[in-house]
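Here are the chains, one letter per residue:
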There are 2 protein chains.
Amino acid sequence: MTDGASARVFPVAAGAGDYDVVVEVGGLSRLPDLLAERVGAHRYAVISDDRVAELHGAAVAEDLRGAGLDARLFPFPAGEVNKNRTWWARLTDQLLDEGFGRDAAVVAMGGGVTTDLGGFVAATFMRGIPVVQMPTSDLAMIDASVGGKTGVDVAHGKNLVGAFHPPALVLADPAVLETLPLAERVQGLVEAFKHGAVLDGPYFDLLAARLPALLGAEPRAAAEAVARSVELKAGVVAEDEREAGLRQILNFGHTLGHALEAASDFRVAHGTAVAVGMLMEAALGERLGVTAEGTRRRIADGIAGLRLPPLPQLDIPRILSFLSADKKARGGRPRYVLLTELGAADPAERWSREVEESLVRSVLEDELS
Amino acid sequence: MTDGASARVFPVAAGAGDYDVVVEVGGLSRLPDLLAERVGAHRYAVISDDRVAELHGAAVAEDLRGAGLDARLFPFPAGEVNKNRTWWARLTDQLLDEGFGRDAAVVAMGGGVTTDLGGFVAATFMRGIPVVQMPTSDLAMIDASVGGKTGVDVAHGKNLVGAFHPPALVLADPAVLETLPLAERVQGLVEAFKHGAVLDGPYFDLLAARLPALLGAEPRAAAEAVARSVELKAGVVAEDEREAGLRQILNFGHTLGHALEAASDFRVAHGTAVAVGMLMEAALGERLGVTAEGTRRRIADGIAGLRLPPLPQLDIPRILSFLSADKKARGGRPRYVLLTELGAADPAERWSREVEESLVRSVLEDELS
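Read on for a plain summary of the structure. All residue numbers here refer to positions counted from 1 along the written sequence of the relevant chain. Chains and ligands are labelled by the order in which they are written, letters from A for the one and numbers from 1 for the other. Under the rules for a predicted model, residues below a pLDDT of 70 receive no local features and side-chain atom pairs below 80 are neither given nor counted, while totals for whole chains, interfaces and linings still include all residues. The basis for every side-chain value is the complete set of heavy atoms in the structure, and neither hydrogens nor water enter the calculation.

Right, let's talk about the sheet that holds strand β9 (residues 169-172) of chain B for a bit. The strands making up a sheet associate through backbone hydrogen bonding, with each pair oriented either parallel or antiparallel. Residue and element names in this part refer to chain B. If DSSP finds at least two bridges between two strands, the strands pair. Counting from the N terminus, the helices are DSSP H or I runs at least four residues long and the strands are E runs at least two residues long. On the basis of which strands lie adjacent, the open sheet formed by 7 strands has the order β1-β2-β9-β6-β5-β3-β4 and mixed pairing. In the strand order of this sheet, the two ends are held by β1 (8-12) and β4 (71-76), each with one partner. Across the sheet, the mean angle from the axis of one strand to that of its neighbour is 20°, orientation sign disregarded. Judged from the 5 bridges that link them, β1 and strand β2 (residues 19-23) form a sheet pairing that is antiparallel. Only the stretch in contact is used when fitting a helix axis, every axis being a line fitted to C-alpha atoms; angles between N-to-C directions are given from 0 to 180 degrees.

Before going further, it helps to spend a moment on the pattern of salt bridges. For this analysis, a salt bridge means a side-chain nitrogen from Lys or Arg found within 4 Å of a carboxyl oxygen belonging to Asp or Glu. Under the criterion given, the structure shown has 46 salt bridges over all chains. The partner of R333 of chain B in a salt bridge is E354 of chain B, and the shortest N-O contact between them spans 3.0 Å. Taken together, the residues R333 of chain B in the loop between α13 (316-324) and β10 (339-341) and E354 of chain B in the loop between β11 (344-345) and α14 (357-368) connect sequence positions 21 residues apart. Residue burial is assigned from relative accessible area. The probe radius is 1.4 Å, only protein chains are included, and a residue is buried under 20% of its type maximum, exposed over 50%, and partly exposed in between. E354 of chain B sits in the partly exposed class, given a relative accessible area of 35%. Through salt bridges that share partners, E80, K83, D116 and D153 of chain A make up one connected network.

Time to look at unusual backbone geometry. Of note, the phi angle at E349 of chain A is positive, near 50°, even though the residue is not glycine. The residue E349 of chain A is located in the loop between β11 (344-345) and α14 (357-368) in this model. The backbone of R127 of chain B shows a phi angle near 65°, a positive value even though the residue is not glycine. As for its position among the elements, R127 of chain B is in the loop between α4 (112-124) and β6 (131-135).

Turning our eyes to something else, we now look at the pairing of strand β4 (residues 71-76) of chain A. All names here are of chain A. Pairing geometry for strand β3 (residues 43-49) and β4, over 6 bridges, is parallel. Within β4, the residue paired with I47 across the bridge is F74. For crossovers, right-handed means that the path from the first strand over the helix to the second runs clockwise, given strands pointing away from the viewer. As for the winding sense of the linkage, the β-α-β connection from β3 through helix α2 (residues 50-66) to β4 is right-handed.

All names here are of chain A. The 7 strands lie next to each other as β1-β2-β9-β6-β5-β3-β4, forming an open sheet whose pairing is mixed. Sheet topology places β1 (8-12) and β4 at the edges, where each strand pairs with a single neighbour. Mean inter-strand twist for the sheet, computed between neighbouring axes without regard to direction, equals 20°. Of the strands in this sheet, β2 (19-23), β3, β5 (104-110), β6 (131-135) and β9 (169-172) touch helix α1 (residues 31-38), which is tilted by about 165° from β9. Only heavy atoms enter the contact rule, under which two residues are in contact if any of them lie within 4.5 Å. Sheet strands in contact with helix α9 (residues 219-239) are β1, β2 and β9, and its direction is about 15° off that of β1.

So, about empty space enclosed by the protein. The gaps of empty space that remain are located by a probe, the size of a water molecule, rolled over the atoms. Here a cavity denotes a set of grid points, spaced 1 Å apart and computed over the protein atoms alone, in which a 1.4 Å probe fits but from which it cannot get out, and a pocket denotes an open set meeting protein on both sides within 12 Å along at least five of seven lines; residues with an atom within 4 Å of a point are reported as lining. Grid points are joined across faces, edges and corners, and a volume is the space filled by probe spheres set on the points. Counted under the stated rule, the structure contains 3 cavities of 30 Å³ or more. Of the volumes computed, that of the largest cavity is approximately 50 Å³. Considering the residues around the largest cavity, the lining is formed by Y203, L206, L207, R210, L214, A221, E224, A225 and R228 of chain B. Within the residue set of the lining of the largest cavity, elements represented by two or more residues are α7 (201-209) and α9 (219-239) of chain B. Considering each element in turn, the lining of the largest cavity owes the most residues, 4 residues, to α9 of chain B. Here the term charged refers only to Asp, Glu, Lys and Arg, the term nonpolar to Ala, Val, Leu, Ile, Met, Phe, Trp, Tyr, Cys and Pro, and the term polar to all other amino acids, Gly among them. Here the residues of the lining of the largest cavity sort into 6 nonpolar, no polar and 3 charged. When its volume is computed, the second largest cavity comes out at roughly 50 Å³. Forming the boundary of the second largest cavity are Y203, L206, L207, R210, L214, A221, E224 and A225 of chain A. Those elements giving two or more residues to the lining of the second largest cavity turn out to be α7 (201-209) and α9 of chain A.

Turning our eyes to something else, we now look at the nonpolar core. Residues belong to one nonpolar core when they are buried, are Ala, Val, Leu, Ile, Met, Phe, Trp, Tyr or Cys, and are joined through side-chain atoms within 4.5 Å. With 77 residues, the main nonpolar core has V21, L35, Y44, L64 and L306 of chain B as its most contacted residues. Top contributing element to this core by residue count: α9 of chain B, with 10 residues. Contacts of L35 of chain B, omitting those with residues within four sequence positions, involve G40, Y44, L64, L69, V107 and V132 of chain B. Within the second largest apolar cluster, 75 residues are counted, among which are Y44, V146, V176 and I249 of chain A.

Set out below in structure tokens:
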């Protein structure tokens, strides 16, 4: 592969075939070469939301055509509300209308909504065509584009319909993060802190130290964080693609985070909810004697610079009811990933465990007061 | 495994995990044990069309409950017209309404419509839960339930949306074939003849010899044919799950068959169309000097006893236009699997090749006159 000088390439082992995550400032300009070398499809469907289409997607499709590739842009309206079966079906039908076949590939360019939706279109188009993931937000670069999860939301909840469909290639160009609103950058960095919290304490501390550069979207700082998070996540996914064991540690902060999000009727953003979820689940671990004392405090100090908005008033019984409906609950009982200390998840009970509801209630009361 | 005395078990190697196809007269009664031993889900969703639900599905769900398993029947209206995204979404939402989660499994019981639709619900429910395929027609036992193909039809064509989702287990009980109308039995046997034509000449001849018993749904004869077809198909699928090479041979008769079906606006049944497609593709191979002379004649003699209905008047230019829109066409040019002789497909050009349209037209003119 003709990598640019600054490219970092992380191989990810996946059941359906290995793939590379390329992290490179300015890498966007090499997309035509990368597709020709590594995908070799007959046609490319560039899927972007209308905002990203205007910023990047239309130019990318034009670039591909300029390089002699057959490419066409398929925009959809921006927003999580459109990550649904209706737009999945519409995009699929648009590809069919344009005569796309089994020899085509999808290029999903955008945030997590686009990588999930575009990935699910690719996963189910004629029983699966390749997808190239081009994340354009911190969150998508750090998290959504690695691991092969694709899907859409339904009335019963987020991501309840979908498929595992590992990408043919992921290309993350941190230079595009400059166009991202600060609030979205903050949301994405929460997941980077989470990677540090469960796997790499020094990385957690490094993120805290680099926060001003990261919030300013300084490309080298962003590239460093994206690269380390991708490396950590790739290692976990290679070991447990289907979330039967180790991969669950990536759900740290998410059991309570999802319930907080749902109980706020999704007024609380995902990253904000996960950040509070991490504090709560650290507190839970400390109360149980599983997590080293002071861990909750270290997490709180580390993420303080993100200046996350405070939570609105939330109803504790409602949070508890969402907990028992959690996708990862077994037999209606939610499971929690606990840390042993900052940088290490507890492997006991195959990486996640049930916790007495009274203790969860008590932590909720403390943390929400 | 506690197999019944007459059970034949065929292991199938699949990328996402191996599975067994159990062929057993009376095997239906062992389903509760098989599920408990081999699937171990927390809950079971039995998906059947309303006709099969009445004949078998409701009793099966009742049996499972009687054995202490948590099972519920989810019927949908019978017919290929309901193998669509609407019913896929409805069944998914019904499972969610009933609180089914990641620890559930689908039991898809019925013909190919049900194994495809129920399989696709399972493939995409929370990114994939296990599916147990319980084929109840010759066609589904012989063909649809082995190989992991799932999906639905859309306006642009059949099976254009779907996923590869290998089952956890396939249980084929030939005793249930007695309730199948003769016309459907005939359709399914065409695929058995196809297995013989591409892989096993003596099996082709055996089917022709046993035709009276097979058409009478004599359970031992049916079990023998299902077992041999499953064995042949399992061998092919193990070698090439994703249809990149060898698996294409199973499309013998299907390139022209699909086009005939479409050009008749689906008035011609699939099996009938494939039977004629096999004759045409054998003739094509003979004209090209690839297929031994007399092969078309041997196929015609073998399937004569099926007494397939004659084709209606079909428009040749319309057939040719459907050929170039075929899902397996590359760059708009359809590909054909050719035999070298009865019982062997030609491996040249990775098992399928393009053929001059003028020659295809000439064969169509001969065969349709």
